[in-house]
Amino acid sequence: MTPPLAPVGWSRWLVPPAALSVHLSIGQAYAWSVFKPPLESALGLSGTQSALPFQLGIVMLGLSAAFGGTLVERNGPRWAMTVALVCFSSGFLLSALGAATEQFWLIVFGYGFVGGIGLGIGYISPVSTLIKWFPDRPGMATGIAIMGFGGGALIASPWSAQMLESFGSTSDGIAKAFLVHGLVYAVFMLLGVLLIRVPRPDAAPKAKPAPESALITTAQVSAKSAVRTPQFWLLWIVLCMNVTAGIGILEKAAPMITDFFADTDTPVSVSAAAGFVALLSAANMAGRIGWSSTSDVIGRKNTYRLYLGVGALMYLLIAQFGDASKPLFIICALVILSFYGGGFATVPAYLKDLFGTYQVGAIHGRLLTAWSAAGVLGPLIVNRVADSQEEAGKSGPGLYGLSLTIMIGLLVVGFVANELVRPVHPRHHRPADTAASANIPAPANSAEANANANAPASANTAATKPEASPEEPKEAR
């Protein structure tokens, strides 16, 4: 599928809505908990079993983004969005069949495996295109789209609950709800497929001078070369630590706030705990657009200093004073979740700063394996520690003291990794002629494009080291 070039006069502000149509749809993943109790009741599942479709979906998100990133860059955003539409909607349709026949393995396969591929490809599908359309505000552009993934649950959660109430919580009712999800999301994602365009070489505005010029490259780095750089793995650690800290609270939010204030004069009711979870989702979504836009002003490295440094302070305040003040607990948790969302939205622009726009979507896809690791690590730390502390006879805040301390340590590790990020060495840069054409989309079946992509670096030794810009720091030359 040839990437669709924008016609003359095309407004770049039509691209974020196209990205949002996909991200708001696949963001339904965060509302999976709505289906957990009905599935457990209808199919006789345990809590661990009912979480399997979601867990597999997050794992497949990271893996499909990593392995499919290069295909997304090669074939363009319309191809990627189409693949995401087919996989994500098919996952729901397979799950509907599994619920109707009471075959839970089919729900795990449909929603987790097939739908998870749609999650990963859909998540990275608009990233590279948005950065090319908005080189002057890459943080804001990617934040708008990725905000949709965080906010998808705010739409899906009440919608799914209403359908289960209307259709019933039996296996047939769940099947109908899955079927409606699959069909409606297919139509909604199709809007993005039809609307998406890639910019002409002279269509997008020039990038503004960055506040953090030491990390900005004027060259381009391929995905294959990027994973060989220390910068990539340092950012992998940064993202993994930030996500682990955020998802640790998100996954255990309702029982955590209930336990913290169970023995106080102001215990938290079930409905209040649910409201707290909704507030966290709102903070997650707001952080994606708010903090990523802020990074365009203060720089990506400084923004991650906030995420990791202030995040560690928030965890320390919860550990020391959380049970003494409910407003303090809630504010700290909201800040942490805003950093959690902001970390996702800011990292594509951070990658663009370090590696250029060439194959930034593929690099981003490989980096999302950090999300897969954090999706297992965060809940494992909080739940395993809480279980062990309960067995030791502790209760209330005592269930979480050790896990909060571990989270602080992980954020400190991420902070140090962020401080170690330096400009990418010129030996990883692509030839200057390729870098100059990085923003010019070529047909996926272009023989010349394939030949250039496969040509050895030695074939153009005269251009293997791009000339440094006068504005670049000495260490980047």
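Sequence order sets the numbering: in each chain, residues are counted from 1 along the sequence as written. The model is predicted, so local features are restricted to residues of pLDDT at least 70 and side-chain atom pairs to those at 80 or more, both for listing and for counting; the totals for chains, interfaces and linings are taken over all residues. In computing side-chain values, all of the structure's heavy atoms are included and hydrogens and water are not.

1. Describing the overall build of the protein chain
Helix and strand assignments follow DSSP, with helices taken as H or I runs no shorter than four residues and strands as E runs no shorter than two, numbered in order from the N terminus. The number of helices and strands found in the protein chain is 20 helices and zero strands. Categorising residues by exposure relies on relative accessible area from a 1.4 Å probe, with only protein chains included: less than 20% of the type maximum marks a residue as buried, more than 50% marks it as exposed, and the intermediate range marks it as partly exposed. Within the protein chain, buried positions represent 54% of all 477 residues. What makes two residues a contact is simply this: any of their non-hydrogen atoms within 4.5 Å. The long-range fraction of contacts in the protein chain, counting pairs at least 24 apart against all pairs at least 6 apart in sequence, stands at 85%. For the protein chain, the accessible area works out to roughly 19,100 Å², and carbon and sulfur atoms hold 64% of it. Where accessible areas are quoted, they stem from the Shrake-Rupley method and a 1.4 Å probe; at the residue level, only the protein chains shown are allowed to cover.

2. Let's talk about the packing of helix 16 (residues 360–367) against helix 17 (residues 369–391)
Orientation of helix 16 relative to helix 17, taken along the N-to-C sense of each, is 20°, at an axis distance of 4 Å. By the angle between their axes, helix 16 is roughly parallel relative to helix 17. Facing helix 16, whose interface residues are Gly365, Arg366 and Leu367, helix 17 presents Thr369, Ala370 and Trp371. For this scheme, ten residues count as nonpolar: Ala, Val, Leu, Ile, Met, Phe, Trp, Tyr, Cys and Pro. Four count as charged, namely Asp, Glu, Lys and Arg, and the remainder, Gly too, count as polar. A per-class count over the contact of helix 16 with helix 17 returns three nonpolar, two polar and one charged. Each axis is a line fitted through C-alpha atoms, and for a helix only the stretch in contact is used; angles between axes span 0 to 180 degrees, taken between their N-to-C directions. In this scheme, roughly parallel covers angles under 35 degrees and roughly antiparallel covers those over 145, while 65 to 115 is roughly perpendicular and the rest are oblique.

3. So, empty space enclosed by the protein
The pocket and cavity definitions rest on a 1 Å grid over protein atoms only: a 1.4 Å probe that fits but cannot leave marks a cavity, an open set with protein on both sides within 12 Å along at least five of seven lines marks a pocket, and residues lining either have an atom within 4 Å of a point. Grid points are joined across faces, edges and corners, and a volume is the space filled by probe spheres set on the points. Taken as a whole, this structure holds two cavities of 30 Å³ or more when the rule is applied. As for the second largest cavity, its lining consists of Asn242, Ala245, Gly246, Tyr307, Gly311, Ile336, Phe339, Tyr340 and Leu411. Secondary structure elements with two or more residues in the lining of the second largest cavity: helix 11 (230–251), helix 14 (300–321) and helix 15 (326–355). For the lining of the second largest cavity, the class distribution of residues is six nonpolar, three polar and no charged.

4. As for helix 18 (residues 401–419)
A helix's residues, less one, multiplied by 1.5 Å, set its expected span. For helix 18, built from 19 residues, the straight-helix expectation of 27 Å at 1.5 Å per residue is met to within 8% by its first-to-last C-alpha distance of 28 Å. Among all positions of helix 18, only Ser403, Leu404, Met407, Ile408, Leu410, Leu411, Gly414, Ala417 and Asn418 are buried.

5. With respect to the packing of aromatic side chains
Between rings of Phe, Tyr and Trp, where Trp is taken as its six-membered ring, a pair exists when centres lie within 6.5 Å; planes separated by under 30 degrees are stacked, by over 60 edge-to-face, and by other angles tilted. Taken as a whole, this structure holds 28 aromatic pairs when the rule is applied. Ring geometry for phenylalanine 92 against phenylalanine 178: centres 6.0 Å apart, planes inclined by 45°, an arrangement best described as tilted. Pair noted here: phenylalanine 92 is in helix 5 (residues 77–100) and phenylalanine 178 is in helix 9 (residues 171–195), with a separation of 86 residues, a long-range link. A relative accessible area of 1% places phenylalanine 92 in the buried class. We classify phenylalanine 178 as buried; its relative accessible area is 0%. For the ring pair tyrosine 307 and phenylalanine 339, a centre distance of 5.5 Å and an interplane angle of 50° mean the geometry is tilted. In this pair, tyrosine 307 is assigned in helix 14 and phenylalanine 339 in helix 15, connecting sequence segments 32 residues apart. Taking the relative accessible area as the measure of exposure, tyrosine 307 reaches 1% and is therefore buried. Positioned above the aromatic ring of tryptophan 10, the side-chain terminus of arginine 197 is 4.8 Å from the ring centre. Here, a charge over a ring is recorded when the distance from Lys NZ or Arg CZ to the ring centre is within 6 Å and its angle to the ring normal is within 35 degrees. Residue placement shows lysine 326 over the ring face of phenylalanine 261; its charged tip is 5.6 Å from the ring centre.

6. As for the environment of phenylalanine 329
Of note, phenylalanine 329 is situated in helix 15. On the basis of relative accessibility, which here comes to 1%, the residue phenylalanine 329 falls in the buried class. Along the backbone, phenylalanine 329 and alanine 319 are ten residues apart, and their C-alpha atoms lie at a distance of 9.3 Å. Contacts of phenylalanine 329, omitting those with residues within four sequence positions, involve Met256, Ile257, Phe260, Phe261, Phe276, Ile318 and Gly322.

7. Some remarks on the side chain of serine 21
Mapping serine 21 onto the fold places it in helix 1 (residues 15–26). Definition of a polar contact: a pair of N or O atoms within 3.5 Å, with one able to donate and the other able to accept a hydrogen when the atoms are protein atoms, and with sequence-neighbouring residues admitted only if both atoms are side-chain atoms. Within the structure, serine 21 has its side chain in polar contact with the backbone oxygen of alanine 18 (distance 2.7 Å). Among residues more than four places away in sequence, those in contact with serine 21 are Phe188, Met189, Leu191 and Gly192.

8. Brief notes about the pattern of salt bridges
Working definition: two side chains of opposite charge can pair if their charged atoms are close together. Just to be clear on terms, a salt bridge is a Lys or Arg side-chain nitrogen sitting within 4 Å of an Asp or Glu carboxyl oxygen. A full pass over the atoms with the stated rule returns four salt bridges. Across the salt bridge formed by arginine 300 and aspartate 353, the nearest N and O atoms sit 2.9 Å from each other. Taken together, the residues arginine 300 in helix 14 and aspartate 353 in helix 15 connect sequence positions 53 residues apart. Here the salt bridges share partners, and the residues they tie into one network are Asp296, Arg300 and Asp353.

9. A short note on helix 14
Over its 22 residues, helix 14 extends 31 Å from the first C-alpha to the last, a length consistent with the 32 Å expected when each residue adds 1.5 Å. Within helix 14, burial applies to Arg300, Lys301, Thr303, Tyr304, Tyr307, Leu308, Gly311, Ala312, Met314, Tyr315 and Ile318.

10. Brief notes about unusual backbone geometry
Within the chain, glutamate 102 stands out as a residue other than glycine whose phi angle is a positive 55°. Among the secondary structure elements, glutamate 102 is positioned in the loop between helix 5 and helix 6 (104–124). Look at glutamate 102 and you get partly exposed, because its relative accessible area is 48%. Phi angles above zero are rare outside glycine, and glutamine 359 is one such case at about 60°. By the secondary structure assignment, glutamine 359 is in the loop between helix 15 and helix 16. Taking the relative accessible area as the measure of exposure, glutamine 359 reaches 16% and is therefore buried.

11. Side note on the confidence of the model for the protein chain
Should pLDDT be low for a region, the predicted coordinates there are not to be read in detail. A residue's pLDDT is the confidence the predictor assigns to it, expressed on a 0 to 100 scale. Put simply, the protein chain has an average pLDDT of 82, and 86% of its residues get 70 or more. Between residues 433–477, whose pLDDT stays under 50, and residues either more than four places distant or in other chains, the model counts 50 contacts.

12. A closer look at the packing of helix 4 (residues 52–75) against helix 16
Two elements in contact, helix 4 and helix 16, have axes whose closest approach is 7 Å; the angle formed by their N-to-C orientations is 170°. Accordingly, the angle class assigned to the pair helix 4 and helix 16 is roughly antiparallel. Contacts from Gly62, Ala65, Ala66, Gly69, Thr70 and Glu73 in helix 4 reach Val360, Gly361, Ala362, Gly365 and Arg366 in helix 16.

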